[in-house]
Amino acid sequence: MNRLRYTTAFCVFFLLSSTFAVAPAASSPQHPREPMEFPLDQGSCWEYDVELVQGSGPPKTFKATKTVRGEKEVGGRRYVRLVTDTTGGGMRIPDQLYRVCEQGVCAAVQGAEGKELLVLPANPRHGQSWRGEAEPAIIELSAETTLGETFAYEGSHFPGCVRVSLSMTVVERSFFGGEKKVPVRFIRWFAPGTGMVRELRIAGEEGAPGYLRTDSKLTKYRSGRSTADHEKVQH
């Protein structure tokens, strides 16, 4: 069974794995439009094959299932809860909280009251970029979108994806006051009507003791709007 060390970088790696840049607290329309690349219907479910690499060790594989399950109020706002269950990976991934806001899909920032993180812009443009921070843990954060990407895996083919690339620096602080800056990158592909079809997460430098990399690829999607499975959809 694989056990991961719970450092600051680890928590950001998984807890903020679906968040990208700080969005200013702002009032949103009563019914903002949900981006078709990020469905948040209750009961929606995504299954992934995940490859994990730690340090210089060999790749390990496990399966992860993300499900939209219930809601939670944070700072006076209602968020949809995304729960991740894993099999064969021996790890627990914290829940993620999202809501549709004026900027697009935003996520709650734990420990930073009044701030949200932008996951996906409401109307993404090719080459669109933004910056942010979530100090004291996260500094030098930047993100960029690329349109027209295609993702294919085991017979599934998803054209017209939006790719969101994120780079940031996580500051790990030790009990004795020392600091260590860890580079963290996220690259995610969102398909219209399906959601996230691939996610590549990298923390640290390849080959270094604290290096951590996961590559998640969609194998099955079930929309909360119907009972039909969208498994290995051919587009």
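In every chain, residue numbers begin from 1 and rise along the written sequence. Local features are withheld for residues below a pLDDT of 70 in this predicted model, meaning they are given only at 70 or higher, and side-chain atom pairs are given and counted only at 80 or more; totals for whole chains, interfaces and linings count all residues. To get the side-chain values, take all heavy atoms of the structure and skip hydrogens and water.

If you had to explain the overall build of the chain to someone new, which residues and values would you point to?
Going along the chain from the N terminus, every DSSP run of H or I of four or more residues is numbered as a helix, and every run of E of two or more is numbered as a strand. The helix and strand tally for the chain stands at one helix and 14 strands. Throughout this description, buried means an accessible area under 20% of the type-specific maximum (1.4 Å probe, protein chains only), exposed means over 50%, and partly exposed covers the range between. Counting over 235 residues, the chain shows a buried share of 49%. Contacts are assigned to residue pairs that have any heavy atoms within 4.5 Å of one another. Within the chain, contacts between residues separated by at least 24 positions form 53% of all contacts whose residues are at least 6 apart in sequence.

Tell me about the packing of aromatic side chains, residues and numbers included.
Classification of ring pairs uses Phe, Tyr and Trp, with its six-membered ring standing for Trp, and accepts pairs whose centres are within 6.5 Å; under 30 degrees between planes counts as stacked, over 60 as edge-to-face, and the remaining range as tilted. Inspection of every chain in the model, using the stated rule, returns five aromatic pairs. For the pair Phe 151 and Tyr 153, a centre-to-centre distance of 6.4 Å together with 25° between the ring planes defines the contact as stacked. Across the pair, Tyr 153 and Phe 151 agree in class, each one buried. Three or more aromatic residues link up through ring pairs in this structure, and these residues are Phe 38, Tyr 98 and Phe 190.

Before we move on, can you summarise the state of the cysteines with the specific residues and values?
Working definition: a disulfide is two cysteine sulfur atoms within 2.5 Å of each other. Per the counting criterion, the structure on display carries one disulfide. Between the sulfur atoms of Cys 101 and its disulfide mate Cys 106 the distance is 2.2 Å. Handedness of the Cys 101-Cys 106 disulfide follows from its S-S torsion of about 45°: it is right-handed. Each member of the pair, Cys 101 as well as Cys 106, is classed as buried.

Got a sec to walk through unusual backbone geometry? Specific residues and values, please.
Of note, Glu 154 is a non-glycine position whose phi angle comes to about 50°, a positive value. In this fold, Glu 154 is placed in the loop between strand 9 (138-153) and strand 10 (156-173).

So what's going on with the environment of Tyr 153? Residues and values would help.
Checked against the element boundaries, Tyr 153 lands in strand 9. With near-sequence residues (within four places) excluded, Tyr 153 lies in contact with Asp 49, Lys 217, Leu 218 and Thr 219.

Describe the nonpolar core, with residues and values.
Considering soluble globular proteins, one finds that nonpolar side chains tend to be buried as a cluster. Counting 51 residues, the largest nonpolar core has Phe 38, Tyr 98, Val 119, Met 168 and Val 197 as its most contacted members. Top element by residues in this core is strand 10. It accounts for seven residues. Excluding anything up to four places from it in sequence, Phe 38 contacts Tyr 98, Val 105, Val 119, Leu 120, Arg 188 and Phe 190. Residues belong to one nonpolar core when they are buried, are Ala, Val, Leu, Ile, Met, Phe, Trp, Tyr or Cys, and are joined through side-chain atoms within 4.5 Å.

Describe the pairing of strand 4 (residues 77-87), with residues and values.
We call two strands paired when DSSP finds no fewer than two bridges between them. Inspection of the sheet shows strand 3 (residues 60-74) paired to strand 4 by 10 bridges, in the antiparallel sense. What sits directly across from Thr 67, in strand 4, is Val 83. Remark: two residues form the turn of the hairpin made by strand 3 and strand 4, two consecutive strands paired antiparallel; Gly 75 in that turn has positive phi of roughly 60°. Pairing geometry for strand 4 and strand 5 (residues 96-101), over three bridges, is antiparallel.

Please set out the pattern of salt bridges residue by residue, giving values where relevant.
In the sections that follow, a salt bridge refers to a side-chain nitrogen of Lys or Arg positioned within 4 Å of a carboxyl oxygen of Asp or Glu. As enumerated under the stated definition, the model contains 10 salt bridges in all. Residue Arg 78 pairs with Glu 73 through a salt bridge whose shortest N-O separation is 3.7 Å. Relative accessible area serves as the criterion here: at 45%, Arg 78 is assigned to the partly exposed category. Given the relative accessible area of 48%, Glu 73 is considered partly exposed. A salt bridge links Arg 198 to Asp 215, with the shortest nitrogen-to-oxygen separation between them at 2.8 Å. With Arg 198 in strand 12 (residues 195-203) and Asp 215 in strand 13 (residues 212-222), this pair connects stretches of sequence that are 17 residues apart. Look at Asp 215 and you get buried, because its relative accessible area is 7%. Each member of the salt-bridge network shares a partner with another, and the members are Glu 71, Glu 73 and Arg 78.

Now, about the environment of Thr 86: what can you tell me, with residues and values included?
As for its position among the elements, Thr 86 is in strand 4. Judged by its relative accessible area of 22%, Thr 86 falls in the partly exposed class. Sequence separation between Thr 86 and Ala 64 is 22 residues, and the spatial gap between their C-alpha atoms is 4.4 Å. When sequence neighbours within four positions are dropped, the list of residues in contact with Thr 86 reads Phe 62, Lys 63, Ala 64, Met 91 and Ile 93.

Remember, this is a structural readout, not a statement about activity or role.
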